[in-house]
Amino acid sequence: MFRTHVHAGKGAPPSLDPKGLFAMPKNKHTPAGIPVPEDLRPWSAPWPYYTPVDITPPELTRKGLPASVAEGWAEPHVTPEDVPNWPARAAMALVPFTFDAYHWPLNPTGRTGKTGRNLGKWGENCAADPIVVAGDLDRDGERWVLLIQRSDTGQWAIPGGMVDPGETAPAALVRELLEETGVDLAGHTPTIVYAGYVDDPRNSDHAWVCTTAALYQLDHTVLAVGADDALAAAWFPFADLGALADGLDKVGGRLYGAHLPLLTAAVRRLNDCC
Ligand SMILES: O=P(O)(O)OC[C@H]1O[C@@H](O)[C@H](O)[C@@H]1O
């Protein structure tokens, strides 16, 4: 049985990923933050002259925000101080978080070296990630996972996306999969394999992604076509993460590294139950 230990945010161990195919995502639209030494990540560690990089893109500044709000993906609050319902948001959070002295929400993993917002919302942004697996190792000698190629980083990722306002995570799993691949799994009951923080390149000290990742198991692969913000959709070998690395290597692809903990959880679940 394949086993590996993965620290979220650190990528895969070199033995598993000698070619660096599971690298952490780089997003050309998000500047790098300042380096944060491990011992200064916790908010409790004093860092008097901490000056994170503001990663807010033009479409989320005071001037650009109205157009983004009209497009439906951004909330209208220029700073966290404008958000009216922090107690409710904190109570509903997938991963608990605290606030600083100015009542700005603080990233639950600590300092990121980045400030501002390059996500739809301040604080926690909820995503949903459908991990669709086909085939049976004993029956077929292989198992496959459905990935899409992201248009922002060019890396291969789970076909997930953000949960819309008023939408549930189960509904978002089905909607995102359909939008990005054309695969309709409405009516299927998936198994949640991961619920927590995602090491997304757009995360900052005050806005970050958490996700619910759920496993769907199909008997056979089905037709999948990249659509919406996916450049392509394809099935990759998924007997274990080594098989996935080999499959990516064959097409010269790389994994969206932030999804490695989610896929690791899926492999563990599959191998535990079979
Ligand atoms: O694809 P968009 O909507 O940009 O962002 C959501 C995705 O980004 C990741 O952090 C999440 O795990 C999810 O897959």
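Sequence positions are assigned chain by chain, starting from 1 and proceeding in written order. Where totals are concerned, whole chains, interfaces and linings use all residues; where local detail is concerned, this predicted model gives features only for residues with pLDDT of at least 70, and gives and counts side-chain atom pairs only at 80 or more. The side-chain figures draw on all heavy atoms in the structure; neither hydrogens nor water molecules are used.

Going by an unreviewed UniProt entry, the chain carries the name ADP-ribose pyrophosphatase YjhB, NUDIX family and comes from Lentzea flaviverrucosa. Quoted verbatim from the Sequence similarities (unreviewed entry) heading of the UniProt record, the comment on the chain is "Belongs to the Nudix hydrolase family." UniProt positions are given in the numbering used here, feature names are shortened, and annotations may be inferred rather than shown by experiment.

Draft legend 1. Structural detail: the site of the ligand. In these notes, residues near a molecule or strand are those with any non-hydrogen atom within 4 Å of it. Neighbouring the ligand are the residues Ala127, Asp129, Arg150, Gly160, Gly161, Met162, Val198, Asp200, Arg202, Val209 and His259. Contact distances for the ligand include 2.6 Å between an oxygen atom and a side-chain N or O atom of Asp129. Two N or O atoms form a polar contact when they lie within 3.5 Å of each other; inside protein one atom must be a possible hydrogen donor and the other a possible acceptor, and for residues adjacent in sequence the pair counts only when both atoms belong to side chains. Side-chain polar atom of Asp200 to an oxygen atom of the ligand: 2.5 Å apart, as the coordinates give it. Contact with the protein chains hides 91% of the accessible area of the ligand, taken as 360 Å² for the molecule alone. Only DSSP runs of H or I covering at least 4 residues are called helices, and only runs of E covering at least 2 are called strands; the numbering of each starts at the N terminus. Counting residues per element, the ones that place at least two in the shell around the ligand are strand 5 (123–134) and strand 8 (161–162). For this classification, the nonpolar set comprises Ala, Val, Leu, Ile, Met, Phe, Trp, Tyr, Cys and Pro, the charged set comprises Asp, Glu, Lys and Arg, and every other residue, Gly included, is treated as polar. Classifying every residue of the shell around the ligand gives four nonpolar, three polar and four charged. The accessible surface values rely on the Shrake-Rupley method and a 1.4 Å probe; as for residues, cover is taken only from the protein chains in view.

Draft legend 2. Expanded view of the UniProt feature "domain: Nudix hydrolase" (unreviewed entry) in the chain. The sites that carry the UniProt feature "domain: Nudix hydrolase" (unreviewed entry) are, in the present numbering, residues 121–257. The distance separating the terminal C-alpha atoms of residues 121–257 is 22 Å; by composition the span is 20% helix and 37% strand.

Draft legend 3. Structural view of the nonpolar core. Core analysis: the biggest nonpolar cluster contains 25 residues, and Ile131, Val145, Phe238, Leu244 and Leu263 have the highest contact counts within it. Put simply, the parts of the chain that give this core at least two residues each are strand 5, strand 6 (144–150), strand 9 (191–198), strand 10 (207–218), helix 5 (241–250) and helix 6 (260–273). Top element by residues in this core is helix 6. It accounts for seven residues. Residue contacts are counted whenever heavy atoms from the two residues lie within 4.5 Å of one another. Ile131 has contacts with Val145, Ile158, Val193, Ala213, Ala214, Leu215, Tyr216, Leu262, Leu263 and Ala266, leaving out every residue within four places of it along the chain. Buried Ala, Val, Leu, Ile, Met, Phe, Trp, Tyr and Cys residues form a nonpolar core when they are joined through side-chain atoms within 4.5 Å. The buried label goes to any residue with under 20% of its type's maximum accessible area, the exposed label to any with over 50%, and the partly exposed label to all in between, with areas taken from a 1.4 Å probe on protein chains only. Counting 19 residues, the second-largest nonpolar core is a separate cluster that includes Ala128, Leu146, Ala172 and Val183.

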